[in-house]
Amino acid sequence: MNSTPSQPSKTESACYEVRRSAIHGNGVFATRDIEPGEQIAEYTGERITSDESALRAEAGGGPLNHTFFFSLADGMVIDGGRGGNDSRFINHACEPNCEAQEDEGRVFIYALHPIMRDEELKYNYALIYEERHTPAVKKAFECRCGAPTCTGTMLAPKKRKRAKAG
């Protein structure tokens, strides 16, 4: 597989820019109005294995330090922190205006509804964390989106185990 990211197109770079965010650190903001369903960006970076992403997370301070990692259906991971574009700065929100869609191992960000110029782009990370969701883990994955329906975390709900029928 090719680990070289594709470069953002002129259309991509023309519709957003990175600025400081009230949600967290850097954020991505629309530089023009964006229509529902419009492709905004491709999430790019180095393609690595899940095992390599775990090693990189550990080297970066532990298994919780992985916000630039985007898991793919085939088990590979895009590390947006290595060779990625500005789409890695799109913040999480419980009421997103964008969504990420995987297509043949590539990830694209699309507008869910009209996005106005200067509005921050956000999608729901729904991060999968297999270990127990302790208070410390929930704090590490705290959501700061401020939405009325905010769940307080960027983690996807754990799937409940069904009781065995007897």
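This text goes with the structure placed above it.
What comes next is a walk through the structure. Here the structure is a predicted model, which is why all the values come from computation and not from measurement. (Residues numbered from 1 in each chain as written. Predicted model: local features only at pLDDT ≥ 70, side-chain atom pairs only at ≥ 80, totals over all residues. Heavy atoms only, no water.)

## Describing the packing of aromatic side chains
Filter applied, for reference: Aromatic rings from Phe, Tyr and Trp, with only the six-membered ring used for Trp, were paired whenever their centres fell within 6.5 Å, and each pair was classed as stacked if the ring planes differed by under 30 degrees, edge-to-face if by over 60, and tilted otherwise. Numbering of helices and strands runs from the N terminus, with a helix taken as a DSSP run of H or I at least four residues long and a strand as a DSSP run of E at least two residues long. Summary of the burial criterion: residues with accessible area below 20% of their type's maximum are buried, those above 50% are exposed, and those between are partly exposed, where the area comes from a 1.4 Å probe applied to protein chains only. Comment: the charge-over-ring label is applied if NZ (Lys) or CZ (Arg) is within 6 Å of the ring centre and within 35 degrees of the ring normal.
Under the counting rule described, the total for this entry stands at four aromatic pairs. Summarising the aromatic geometry, the rings of Phe 68 and Phe 89 are spaced 5.8 Å apart at their centres and angled 90° between planes, so their arrangement reads as edge-to-face. Taken together, the positions of Phe 68 in the loop between helix H2 (50-59) and strand S5 (69-71) and Phe 89 in the loop between strand S6 (76-79) and strand S7 (91-92) put the pair 21 residues apart, joining distant regions of the chain. Residue Phe 89 is classed as buried on the basis of its relative accessible area, which comes to 16%. Ring plane angle 50° and centroid distance 5.3 Å describe the contact between Tyr 123 and Tyr 125, whose orientation is recorded as tilted. Every member of this aromatic cluster is reached through a ring pair, and the members are Tyr 43, Phe 70, Tyr 123 and Tyr 125. The ring of Phe 29 carries Arg 19 above its face, with NZ or CZ at 4.3 Å from the centroid. Sitting above the plane of the Phe 68 ring, Arg 88 keeps its charged end 5.7 Å from the centroid.

## Observations regarding the pairing of strand S8 (residues 98-103)
What counts here: In short, DSSP must find at least two bridges between two strands for them to pair.
Looking at chain direction, S8 and strand S9 (residues 106-111) are connected through six bridges and run antiparallel. Its bridge partner lying in S9, Ala 100 is registered against Ile 109. Count of turn residues in the S8/S9 antiparallel hairpin: two residues, of which Glu 104 carries a positive phi of about 50°.

## Focus on the side chain of Glu 38
Filter applied, for reference: Polar contacts here mean pairs of N or O atoms no more than 3.5 Å apart (in protein, one a potential hydrogen donor and the other a potential acceptor; neighbouring residues in sequence count only if both atoms are side-chain atoms). In what follows, a contact means two residues having at least one pair of non-hydrogen atoms within 4.5 Å.
With respect to the helices and strands, the residue Glu 38 is situated in the loop between strand S2 (26-30) and strand S3 (39-43). You can call Glu 38 buried: its relative accessible area is 19%. Within the structure, Glu 38 has its side chain in polar contact with the side chain of Arg 32 (distance 2.6 Å). Sequence-distant contacts of Glu 38, defined by excluding residues within four places in its chain, comprise Arg 32, Ile 109, Tyr 110 and Ala 111.

## Description of the side chain of Ser 53
Of note, Ser 53 is situated in helix H2. Owing to a relative accessible area of 9%, Ser 53 belongs among the buried residues under this scheme. Leave out the neighbours within four places in its chain, and Ser 53 touches Ile 48, Phe 69 and Val 77.

## Quick notes on the sheet that holds S8
Short version of the rule: Axis lines are fitted through C-alpha atoms, for helices just across the contact stretch, and the angle between N-to-C directions can take any value from 0 to 180 degrees.
Sheet architecture is open: three strands sit in the order S3-S9-S8, paired in antiparallel fashion. Here the strands that pair on one side only, and so sit at the sheet edges, are S3 and S8. Averaged over all pairs of adjacent strands, the angle between strand axes in this sheet comes to 30°, irrespective of strand direction.

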